[in-house]
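Listed here are the chains, written in short residue letters.
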Amino acid sequence: MPEHEPAAHMPPPPESLSAEARAYLASLVPLDASQPIDLAMTRPFTEQIQAMIGAEQRKTHAVTVTEDVVAGVPVRRIAPASGAVRGKVLLNLHGGGFATDSGSLTENIPIAALSGLEVVAVLYRFAPEHPFPAAVEDGLAVYRALLTDHDPRDIGVYGTSAGAVIGPQLMMRLKAEGLPLTGVLGVFSGEPDMVGTADSLRVFARAFEEKVLTDAKWSYVDGADPHDPLLSPIRGDLSGFPPTLCLSSGRDILLSGTINLHRALTDAGVDAELLVYDALPHAFWSTMLAPESDDAFKRMAAFLTKHLGRR
């Protein structure tokens, strides 16, 4: 979903941010919460944004992008133009409020180039037409297919926003089905508890953003029980999760969820790291071309590659 300026009571961002980041934040404008979200218009718009930002990213990250179908699920394969490292692969679950594609390119072009690995971005089915667990099942189908020629320790899963929700849900589904978990997990600004409203959403979101996120959540949950650990992983047993990087930012609407998941993972004995960027908004790395985004992608890629093959 499109970003907008933070809540009116927030102070201006600090001078420590890059000029590019400050210019990006200054360009954000509030949107009207009274207007319904028209997905017929929003989905093509987000695809256009993906293409535009992705084209800019490809000026500094040489990759190939191909469309494919794996286990009946459409995917995008993003790989280093020089060729990907064999035997290891990353599976991405993109953001977009469960209802649009706001990341299958922009989350993955830098990661593929920096990691040297192929990224398989799952173009999962959208809510509200296909609520939970459709997206998880699509991710599971692609993961099962990757298991036919990859050791699970050589497969990494990561996602931003909605994808950072679906990723932990996929881990819980793997545990429930007795399947091996992945070698590493990236949770880049997600909400592991679908029951209530995170404090950071109340603090940082304007009316439009809070409405969008709340509506998107309940469209995804639909008739499922939000207390179910398959839907709210933090309410279940997190032991056995792979090494996990939890990444967010200081003015992120999903900061609370990301922090809470990190604490729960460490309580469960999981090797988990928390990285929070100062003063930036939700999922800034996937929409903002700035040094802070470059730094975030470098740290994501380093964590993912460090842990693959080690469990």
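Preceding this section is the structure that the text describes.
Residues numbered from 1 in each chain as written. Predicted model: local features only at pLDDT ≥ 70, side-chain atom pairs only at ≥ 80, totals over all residues. Heavy atoms only, no water.

(A) Structural detail: the packing of helix H4 (residues 134–147) against helix H5 (residues 162–176). Close contact between H4 and H5 brings their axes to 9 Å; oriented N to C, the two are set at 65 degrees. Taken together, H4 and H5 sit at an angle that is classed as roughly perpendicular. Considering only the axes of H4 and H5, their crossing is right-handed. Contacts from Ala-135, Val-136, Glu-137, Gly-139, Leu-140 and Tyr-143 of H4 reach H5 at Ile-166, Gln-169, Leu-170, Arg-173 and Leu-174. (Axes fitted to C-alpha atoms, helices over the stretch in contact; angles between N-to-C directions. Helix = DSSP H or I, 4+ residues; strand = E, 2+ residues; numbered from the N terminus. Parallel < 35°, antiparallel > 145°, perpendicular 65-115°, else oblique. Left-handed = near helix turned anticlockwise from the far one by under 90°. Contact = heavy atoms within 4.5 Å.)

(B) The nonpolar core, seen in detail. Ranked by size, the top nonpolar core spans 45 residues in total, and within it Val-142, Tyr-220 and Phe-241 carry the most contacts. Broken down by element, the residue count for this core peaks at eight residues, all from H5. Setting aside chain neighbours within four positions, we find Tyr-220 in contact with Phe-98, Ala-127, Pro-131, Phe-132, Ala-135, Val-136, Ile-166, Gln-169, Met-194 and Leu-231. (Core = buried A, V, L, I, M, F, W, Y, C linked by side-chain atoms within 4.5 Å. Buried < 20%, exposed > 50% of the residue type's maximum accessible area, 1.4 Å probe, protein only.)

(C) Structural detail: helix H1 (residues 19–27). Of the residues making up H1, those classed as buried are Ala-21, Tyr-24 and Leu-25. When H1 is viewed along its axis, its buried side chains cluster within an angular range of 95 degrees and face the same direction. Seen from the open side of H1, the exposed residues pointing more than 90 degrees away from its buried face are Ala-19 and Ala-26. (Arc of directions from axis to C-beta.)

(D) Molecular detail of the sheet that holds strand S5 (residues 155–160). Spatial ordering of the open sheet is given by S1-S2-S4-S3-S5-S6-S7-S8, a layout of eight strands whose pairing is mixed. In the strand order of this sheet, the two ends are held by strand S1 (63–70) and strand S8 (272–277), each with one partner. Sheet twist, expressed as the average angle between the axes of neighbouring strands with direction ignored, equals 20 degrees. Strand direction decides the pairing type here: strand S2 (residues 73–80) and strand S4 (residues 118–122), joined by four bridges, are antiparallel. If you follow Ile-78 over to S4, its bridge partner there is Val-119. Its contacts with the sheet place H5 against strand S3 (89–93), S5 and strand S6 (184–188), and it is angled at close to 140 degrees to S5. (Pairing = 2+ DSSP bridges.)

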